[in-house]
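# Survey of secondary and tertiary structure
So the chains spell out like this:
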Amino acid sequence: MHICKVKNYQELSRKAANIIAAQVILKPDSVLGLATGSSPVGTYEQLVQMYENGDLDFSQVTTVNLDEYKGLAGTDPQSYRYFMNSNLFHKINIPHDRTFVPDGTEADSSAACAEYDRKLQETGPADIQILGLGHDGHIGFNEPADHFEVSTHCVDLTEQTIQANKRFFEKEEDVPRQAYTMGIGTIMNSRKILVVVSGKDKASILKSVIEGPVTPHVPGSILQFHQDCTIIADEDALSEINL
Ligand code: GLP
């Protein structure tokens, strides 16, 4: 794991965007693995700015997103499809039909997951996968469990995740209890991985991810085994680690 320590969220976002920009410049038809949550928002803002400045062209890019809430349509402002459209896709020149997010409206979980795996098979592995880190160590929506799930699956969100994500919803009851997520096997198949972590509230879980044993109880710890994984984290998030 390569750890890149930065001062604050703004520096984190600029660094992460520069790495993604370099990927797209070097390989215009890259497959970008994208994440939602507050951690990558600044990175997407920077990418939009680079696009507006004429420094980036997304016309040949394909994107695959990590996850989606089960039961939410892409038109729902809380859905991850909506998040991606409004934070990135609608602000750059990526063809909409080259952006993939699991279909939250498919009520049949096995059908939804099989269909997403079929798409991921078609796009091939992400050239670079961006990840945030959940407070319980989840990546995508791979929650702590007794084993690592390889491919796309339906998960029951943990109480901690529901609590953490309720800030985006009007009422706690509105937070979906299940989600479809890319599996750990698919994430680990990405050629490069870029994890963005910010804030004191992530310090203890980030320490476990970097220094703890590799265990499905801390899903992000599997990244210790990835050959090309960079973690960009601010001083607060790295405050429990001596570098
Ligand atoms: C969500 C997403 C994850 C994300 C995580 C952290 O539950 N499914 O992909 O990484 O939360 O979110 P945040 O960046 O807002 O802390």
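Structure's up top.
## Considerations on the packing of aromatic side chains
The description of an aromatic ring pair rests on the distance of the ring centres and on the angle between the ring planes. One pass over the full model with this rule turns up four aromatic pairs. Between Tyr-69 and Phe-169, the ring centres sit 5.7 Å apart and the planes meet at 80 degrees, which makes this aromatic pair edge-to-face. Here Tyr-69, found in strand S4 (residues 67–69), pairs with Phe-169, found in the loop between helix H5 (159–165) and strand S8 (178–181); they are 100 residues apart in sequence, far enough to count as distant. Comparing Tyr-69 with Phe-169, the two get one shared label, buried. Ring centres of Tyr-80 and Phe-141 lie 5.9 Å apart, and the angle between their planes is 15 degrees; on these two criteria the pair is classed as stacked.

## Overview of the sheet that holds strand S7 (residues 153–156)
The antiparallel open sheet is built from three strands, whose spatial order is S4-S8-S7. Only two strands of the sheet have a single neighbouring strand rather than two, namely S4 and S7. For this sheet, the mean angle separating the axes of adjacent strands, direction not counted, is 25 degrees.

## Thoughts on the site of the ligand
Near the ligand there are 14 residues, and of these Ser-38, Ser-39, Asp-67, Arg-167 and Lys-202 occur at the shortest range. Contacts to the ligand include Ser-38, whose side-chain N or O atom sits 2.6 Å from an oxygen atom. With respect to the ligand, the side chain of Asn-165 contributes an N or O atom lying 3.2 Å from an oxygen atom. Across the complex, the protein chains shield 96% of the 390 Å² of accessible surface that the ligand would expose by itself. With respect to the pocket detection grid, the ligand is positioned in the largest pocket.

## What about helix H2 (residues 41–52)?
Helical geometry: 3.6 residues make up each α-helical turn, so side chains three or four residues apart lie on a common side. The terminal C-alpha atoms of H2, which comprises 12 residues, lie 17 Å apart, in line with the 16 Å expected from a rise of 1.5 Å per residue. If you check which residues of H2 are buried, you get Gly-42, Thr-43, Tyr-44, Gln-46, Leu-47, Val-48 and Met-50. In the core, the buried residues of H2 are packed alongside helix H1 (9–26), strand S2 (31–34), helix H3 (80–87) and strand S6 (128–131). Following H2 by one or two positions, Gly-54 has its phi on the positive side, about 85 degrees.

## A look at the environment of Met-182
Of note, Met-182 is situated in the loop between S8 and helix H6 (184–188). Considering only alpha carbons, one finds Met-182 and Phe-141, 41 residues apart in sequence, at a separation of 7.7 Å. The residues touching Met-182, leaving out its near neighbours within four places in the chain, are Val-64, Asn-65, Leu-66, Leu-120, Gln-129, Asn-142, Ser-151, Thr-152, His-153 and Ile-187.

## A short note on helix H4 (residues 109–123)
Its 15 residues give H4 an end-to-end C-alpha distance of 21 Å, which sits within 8% of 21 Å, the value for a rise of 1.5 Å per residue. On its buried face, H4 sits against S2, strand S3 (62–65), strand S5 (99–100), S7, S8 and H6. Capping the start of H4, Asp-108 holds a side-chain oxygen 3.1 Å from the backbone nitrogen of Ser-110, two or three residues further along. Looking one or two residues beyond H4, the residue adopting positive phi is Gly-124, at roughly 80 degrees.

Definitions and limits used
- Residues numbered from 1 in each chain as written.
- Predicted model: local features only at pLDDT ≥ 70, side-chain atom pairs only at ≥ 80, totals over all residues.
- Heavy atoms only, no water.
- Phe/Tyr/Trp six-rings, centres within 6.5 Å; stacked < 30°, edge-to-face > 60°.
- Helix = DSSP H or I, 4+ residues; strand = E, 2+ residues; numbered from the N terminus.
- Buried < 20%, exposed > 50% of the residue type's maximum accessible area, 1.4 Å probe, protein only.
- Pairing = 2+ DSSP bridges.
- Axes fitted to C-alpha atoms, helices over the stretch in contact; angles between N-to-C directions.
- Near = heavy atom within 4 Å.
- Polar contact = N/O pair within 3.5 Å; in protein donor to acceptor, adjacent residues only side chain to side chain.
- Areas by Shrake-Rupley, 256 points an atom, 1.4 Å probe, with all protein chains shown as cover.
- 1 Å grid on protein atoms, 1.4 Å probe; cavity = no way out; pocket = protein on both sides within 12 Å on 5 of 7 lines; lining within 4 Å.
- Sits in = over half its atoms within 2 Å of the grid points.
- Expected span 1.5 Å × (residues − 1).
- Contact = heavy atoms within 4.5 Å.

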